[in-house]
Amino acid sequence: AARSKSLGDRRGGTGSMTISRGPVKAVLLLIPLLVVGVVIWHLFGPGRQGGAGLDVAVDTIAADGLSATGINLVQSAGGKPVWSLSAPRAEQKPDTGVTLVYDPELTVHRVGGLKVTITSRQGEVNDNGGEMVFTEAVRVIDSLGRQLETEKLRFSPEREELFTEAPFTLQAPAYVLH
């Protein structure tokens, strides 16, 4: 049974309007899906990353449309993964063009089979498809056994480059660089 609620006239009059909660609830549930769709389109829409495909999976989206859980994005080209980003939780920061991801893991698949995995406590994804920034306990490990640790690292999906201005430690099988 649909419930209704009476709302006063915004102009301060005595009139009222009755809105059924059933359709309102449906519209409110659609808004988060639209927000996520727009963010994804901005991040990975036509013309970005060479027009390659993006697979998106989200477990749940909050009623406010600004947060989600179980995020998994996979960017591919020619049927092969280029990079994938997963995070247990994400929050869009309104009016900033940034989505925060918590405990993210980014895996970049390089030509020749080299795989690079980046983990951190927090990250920021630029909603216009620009770079991703990883902060707090950032660790980079590649399939050759090299490991980099820092507090801030940037990833440019367009150039497929990792870079930092922060102090770092690089460990490889034969050396350690601070």
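Structure shown above.
The present account deals with the structure reproduced in this document. (Residues numbered from 1 in each chain as written. Predicted model: local features only at pLDDT ≥ 70, side-chain atom pairs only at ≥ 80, totals over all residues. Heavy atoms only, no water.)

Points about the layout of surface pockets
Inference 1: Approximately 300 Å³ is the volume found for the largest pocket.
Inference 2: V116, V140, D142, L148 and L162 are, among the 18 residues lining the largest pocket, the residues nearest its centre.
Inference 3: Tallying contributions element by element places strand 12 (residues 147-156) first for the lining of the largest pocket, with 4 residues.
Inference 4: Counted by class, the lining of the largest pocket contains 11 nonpolar, 2 polar and 5 charged residues. (1 Å grid on protein atoms, 1.4 Å probe; cavity = no way out; pocket = protein on both sides within 12 Å on 5 of 7 lines; lining within 4 Å. Points joined across faces, edges and corners; volume = space filled by probe spheres on them. Helix = DSSP H or I, 4+ residues; strand = E, 2+ residues; numbered from the N terminus. Nonpolar A, V, L, I, M, F, W, Y, C, P; charged D, E, K, R; others polar.)

Quick notes on unusual backbone geometry
Inference 1: One non-glycine residue, D95, lies in the positive phi region at around 60 degrees.
Inference 2: Tracing the backbone shows D95 in the loop between strand 6 (80-93) and strand 7 (98-102).
Inference 3: If you check the backbone angles, E160 has positive phi at about 55 degrees while not being a glycine.
Inference 4: For E160, the position within the fold is in the loop between strand 12 and strand 13 (161-163).
Inference 5: In this structure E160 comes out as partly exposed when scored by relative accessible area, which is 30%. (Buried < 20%, exposed > 50% of the residue type's maximum accessible area, 1.4 Å probe, protein only.)

Examining the pairing of strand 14 (residues 168-172)
Inference 1: Here 4 bridges tie strand 12 to strand 14, and the two strands are oriented antiparallel to one another. Paired with L148 across the bridge in strand 14 is L170.
Inference 2: Sheet topology note: the strand 14/strand 15 (residues 175-177) ladder contains 3 bridges and is antiparallel. Bridging across to strand 15, A172 finds its partner in Y175.
Inference 3: Linking two consecutive strands that pair antiparallel, namely strand 14 and strand 15, is a turn of 2 residues. (Pairing = 2+ DSSP bridges.)

Quick look at the packing of aromatic side chains
Inference 1: Summed over the entire model, instances satisfying the criterion amount to 0 aromatic pairs.
Inference 2: Positioned above the aromatic ring of Y102 is the side chain of R89, whose terminal nitrogen or guanidinium carbon lies 4.0 Å from the ring centre. (Phe/Tyr/Trp six-rings, centres within 6.5 Å; stacked < 30°, edge-to-face > 60°. Lys NZ or Arg CZ within 6 Å of the ring centre and 35° of its normal.)

What about the pattern of salt bridges?
Inference 1: A full pass over the atoms with the stated rule returns 6 salt bridges.
Inference 2: Measuring nitrogen to oxygen at the nearest pair gives 2.4 Å for the salt bridge that ties E131 to R154. With E131 in the loop between strand 10 (122-126) and strand 11 (132-142) and R154 in strand 12, this residue pair connects regions lying 23 residues apart in the sequence.
Inference 3: Residue E165 is joined to R154 by a salt bridge in which the shortest nitrogen-to-oxygen separation is 3.7 Å. Of this pair, E165 sits in the loop between strand 13 and strand 14 while R154 sits in strand 12, placing them 11 residues apart in sequence.
Inference 4: Given the relative accessible area of 60%, E165 is considered exposed. (Salt bridge = Lys/Arg side-chain N within 4 Å of Asp/Glu carboxyl O.)

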